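Descriptive analysis of the structure
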Amino acid sequence: MEFLGTTQTATYCGPKKPCGGSALPPVASGPTIQECYQPYYLPGYRYLNAWRPSLFYRVANAQTCLDEAATCRSALRPPTILPAGRSALFCRYSPQDWDRSNRLQLCGAEASRLWAGRMTGDSMRLMQDKDQLTRQMQEGTCRNLGQRLSDIGFWKSELNYELERLLNENHSLDAIKRRLECAAEELRCPLQVALECLYQREKRIGIDLVHDNVEKNLIQEVDMIKCCQEQMRKLAQRIDIQMRDNRDAQHALERDLEDKNSAEFIDEKCLNLRNTSDCISFFHGVEKIDGTISVPETWAKFSNDNIRHSQNMRANSIRLREEAQNLFDVLADQLWRQFTNTNLAFSARIAEETEVKNKLQTQLAKTLQEIFQTESTIMLLERSIMAKECPLKVAQTRLECRTRRPNVELCRDSPQFKLVNEVFTIDDTLQTLKLRLRETRDTLQLLVMTKCRLEHELAIKANTLCIDKEKCMAMRKTFPSTPCMGVCP
């Protein structure tokens, strides 16, 4: 019998193979044997299943064929091989496989031991290096915290000094603001006179609502008075805005100082922390949270910007106080000069309006004469048109009668040409006269409209003269001879 090997998962008894001429009954296949060994792998080394047995087996039937003569002699079924006999007859590994496995186990154990030794030495050196690095970093952090506290103290002193100066400037601005508001109220009386003149001149009609020199001077006078008030009020508003800006700068300085105090307290607390302190604890993941919003450069720039902003606000406040002081010195002269210019413009305008009114009256008389002559011309044109209608009827009747001539007598002779020419000429004459009649009527209408406009203009000029001469100039005689310009203490 031939020994046939197989892998651990192979079956030893397979279906019967036909042998020669006789057939044997089928034999049931035996149970399969599976490997239950699970190797243990060391880290960093070769797996134990990296080697396999050097023998390769074939799956063989449990019932083999004998030679042809033995088969013919015996027709009996070969005996079934028991599992115990199967384990003895069929080997799994060779001696070479066994030696290789032992060598691999020894080499793996040696490598593991060497690796553990190196790991122990490296771990000791790593712990010493990290302990030294930790101490150095902690000392560096303490030095940095001390330097940070020094920087905070410097900026605190600068902020306190600037805050004190800003508070004094706010007090001075508040005093000058009250003076401006009181002075602006004293200009209301002169303003009422100039505004009343403007309101009266708004009652002018039509084209006389012109932006003339009087209007310009009145507006300039009102603007001058309003400008004085507006400049004072606007300056007071600017001072009020500047005071708000100063308060914003003050709040920025105070907020910065408060933040500096809080940061100084926190950094002092951090500087005093030691490895033996009781209040230290783990805060896992805190190093991954970056809540910072500035760097040392921007941090210093923030406080520096606050101080510079406060200095700019103080400089603006000083300029505003000087401007308010100079404003009181120039208002009286400007108001009196503008009042004189407005009166001169009123006198010149009244003279112009009187002259234009006289010219309009003369032109109205001429227009009435021209209207009379135009109406006479229209009457003559209508009579001339009516006189041309009968000759046109005669010529057209002659042409109509000649159209009834028989046959060849419908000749285009000289009378035919003369009649056609006569009809066209008379018709053209009628069209020309009618066109001239329409033009004359349009002219008459234009003259009538001109007459109405002239009459309307005369009424406008009379109204304007009444307003400028009798109302406005009468009011301006009561204008104060000296503009009132007081300053509240």
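Residues numbered from 1 in each chain as written. Predicted model: local features only at pLDDT ≥ 70, side-chain atom pairs only at ≥ 80, totals over all residues. Heavy atoms only, no water.

Formally: UniProt positions are given in the numbering used here, feature names are shortened, and annotations may be inferred rather than shown by experiment.
As recorded by an unreviewed UniProt entry, the protein chain carries the name Tektin and is attributed to Ovis aries. Per UniProt, the protein chain carries the Subunit (unreviewed entry) text "Microtubule inner protein component of sperm flagellar doublet microtubules. Interacts with TEKT3."

1. Some words on the overall build of the protein chain
Applied cut-off: By the criteria applied, helices consist of DSSP H or I runs no shorter than four residues and strands consist of E runs no shorter than two, each listed in order from the N terminus. Think of it in three bands: with a 1.4 Å probe and only protein chains considered, a residue is buried below 20% of the maximum accessible area for its type, exposed above 50%, and partly exposed in between. Contacts were defined at the residue level, with two residues in contact if any of their heavy atoms lie within 4.5 Å. The Shrake-Rupley method, run with a 1.4 Å probe sphere, supplies the accessible areas, and residue values consider only the shown protein chains as cover.
Looking only at helices and strands, the protein chain has seven helices and zero strands in total. The secondary structure elements of the protein chain, listed N-terminal to C-terminal, are α-α-α-α-α-α-α. Every one of the 489 residues in the protein chain was classed for burial, and the buried ones make up 29%. If you take every contact in the protein chain between residues at least 6 apart in sequence, the share linking residues at least 24 apart comes to 87%. Carbon and sulfur atoms provide 57% of the accessible area of the protein chain, an area that totals close to 33,700 Å².

2. Here we look at helix α6 (residues 296-402)
To be explicit about the condition: Helix span is expected to be 1.5 Å times the residue number reduced by one. We define the bend at any residue as the angle between the axes fitted to the seven residues before and including it, ending there, and the seven starting there.
Across its 107 residues, α6 extends only 121 Å between first and last C-alpha, which sits more than 12% below the 159 Å expected from 1.5 Å per residue. At Val330, α6 shows its maximal kink, close to 35°.

3. Section: the pattern of salt bridges
Rule in force here: Put simply, a salt bridge is a Lys or Arg side-chain nitrogen that is within 4 Å of an Asp or Glu carboxyl oxygen.
A full pass over the atoms with the stated rule returns 30 salt bridges. The partner of Glu439 in a salt bridge is Arg436, and the shortest N-O contact between them spans 3.3 Å. Remark: Arg436 and Glu439 occur in helix α7 (residues 414-476); sequence separation between them is three residues, near one turn of the helix. Note on Arg436: relative accessible area 47%, which makes it partly exposed. Each of Arg201, Arg204, Asp212, Glu215, Arg349, Glu352, Glu353 and Asp468 takes part in a single network of salt bridges with overlapping partners.

4. Describing the side chain of Glu162
Relative to the assigned elements, Glu162 resides in helix α3 (residues 95-185). Among all residues touching Glu162, those that are not within four sequence positions of it are Leu253, Ile307, Ser310, Gln311 and Arg314.

5. Some details on the nonpolar core
Convention followed: For our purposes a nonpolar core is just a set of buried Ala, Val, Leu, Ile, Met, Phe, Trp, Tyr and Cys residues, chained together by side-chain atoms within 4.5 Å. Annotation comment: domain bounds sourced from an automatic or database domain assignment.
Grouped together as the largest cluster of nonpolar side chains are 35 residues, with contacts concentrated most on Leu180, Met232, Leu235 and Ile239. Breaking this core down by element, the ones donating at least two residues are α3, α4 (188-201), α5 (213-272), α6 and α7. Counting residues per element, this core draws most heavily on α5, at 11 residues. There are two domains that each give this core at least three residues, and those are domain 1 (133-274 + 296-344) and domain 2 (354-404 + 411-477). Those residues within four positions of Ile239 in sequence are excluded, and the remaining contacts are Leu173, Ile176, Lys177, Leu180 and Leu320. Ranked by size, the runner-up nonpolar core spans 15 residues in total, among them Ile385, Ala395, Leu419 and Leu433.

6. Side note on the side chain of Ser317
Positionally, Ser317 belongs in helix α6. Residue classification places Ser317 among the buried positions, given a relative accessible area of 0%. In this structure, Ser317 is in contact with Glu169, Leu173, Gln242 and Asn246, ignoring residues within four places of it in sequence.

7. Looking at the packing of aromatic side chains
For the record, the criterion: Here a pair means two rings of Phe, Tyr or Trp (six-membered ring of Trp) with centres within 6.5 Å. Their orientation is stacked below 30 degrees between planes, edge-to-face above 60, and tilted elsewhere. The rule is short: NZ of Lys or CZ of Arg within 6 Å of the ring centre and within 35 degrees of the ring normal puts a charge over the ring.
Per the stated rule, a full pass over the model turns up two aromatic pairs. Between Phe154 and Trp155, the ring centres sit 5.2 Å apart and the planes meet at 70°, which makes this aromatic pair edge-to-face. A centroid spacing of 5.6 Å and a plane angle of 35° characterise the contact between Trp336 and Phe339, whose relative ring orientation is tilted. Here Trp336 pairs with Phe339, and both are found in helix α6, just three residues apart, close to one helical turn. In this arrangement the basic side chain of Arg148 is found over the ring face of Trp299, its NZ or CZ atom lying 3.6 Å from the centre.

8. Points about the packing of α4 against α5
Note the cut-off: Between N-to-C directions, angles cover 0 to 180 degrees, with each direction set by a line fitted to C-alpha atoms, over the stretch in contact for helices. Every angle not falling under 35 degrees, over 145, or within 65 to 115 is termed oblique; those three ranges are roughly parallel, roughly antiparallel and roughly perpendicular. Note on convention: near helix rotated counterclockwise from far helix by under a right angle means a left-handed crossing. Clockwise means right-handed. We call Asp, Glu, Lys and Arg charged. Ala, Val, Leu, Ile, Met, Phe, Trp, Tyr, Cys and Pro are nonpolar, and the rest, Gly among them, are polar.
Interaxial distance between α4 and α5 falls to 9 Å at its minimum, and their mutual angle equals 150°. One finds that α4 runs roughly antiparallel with respect to α5. In this structure, α4 meets α5 at a crossing whose hand is left-handed. Residues Arg188, Pro190, Leu191, Ala194, Leu195, Cys197, Leu198 and Arg201 of α4 form the contact with α5, whose participating residues are Val214, Glu215, Leu218, Ile219, Glu221, Val222, Ile225, Lys226 and Gln229. Of the residues in the contact of α4 with α5, the class split is 11 nonpolar, one polar and five charged.

9. Concerning the packing of α5 against α6
Between α5 and α6, the least distance of the axes is 8 Å, while the angle of their chain directions is 170°. With respect to each other, α5 and α6 are oriented roughly antiparallel. Looking at side-chain class alone, the contact of α5 with α6 contains 24 nonpolar, 16 polar and seven charged residues.

10. So, the environment of Thr425
In this structure, Thr425 sits in helix α7. Here Thr425 falls in the partly exposed class, since its relative accessible area comes to 42%. As a C-alpha pair, Thr425 and Leu392 span 33 residues in sequence and 9.2 Å in three-dimensional space.

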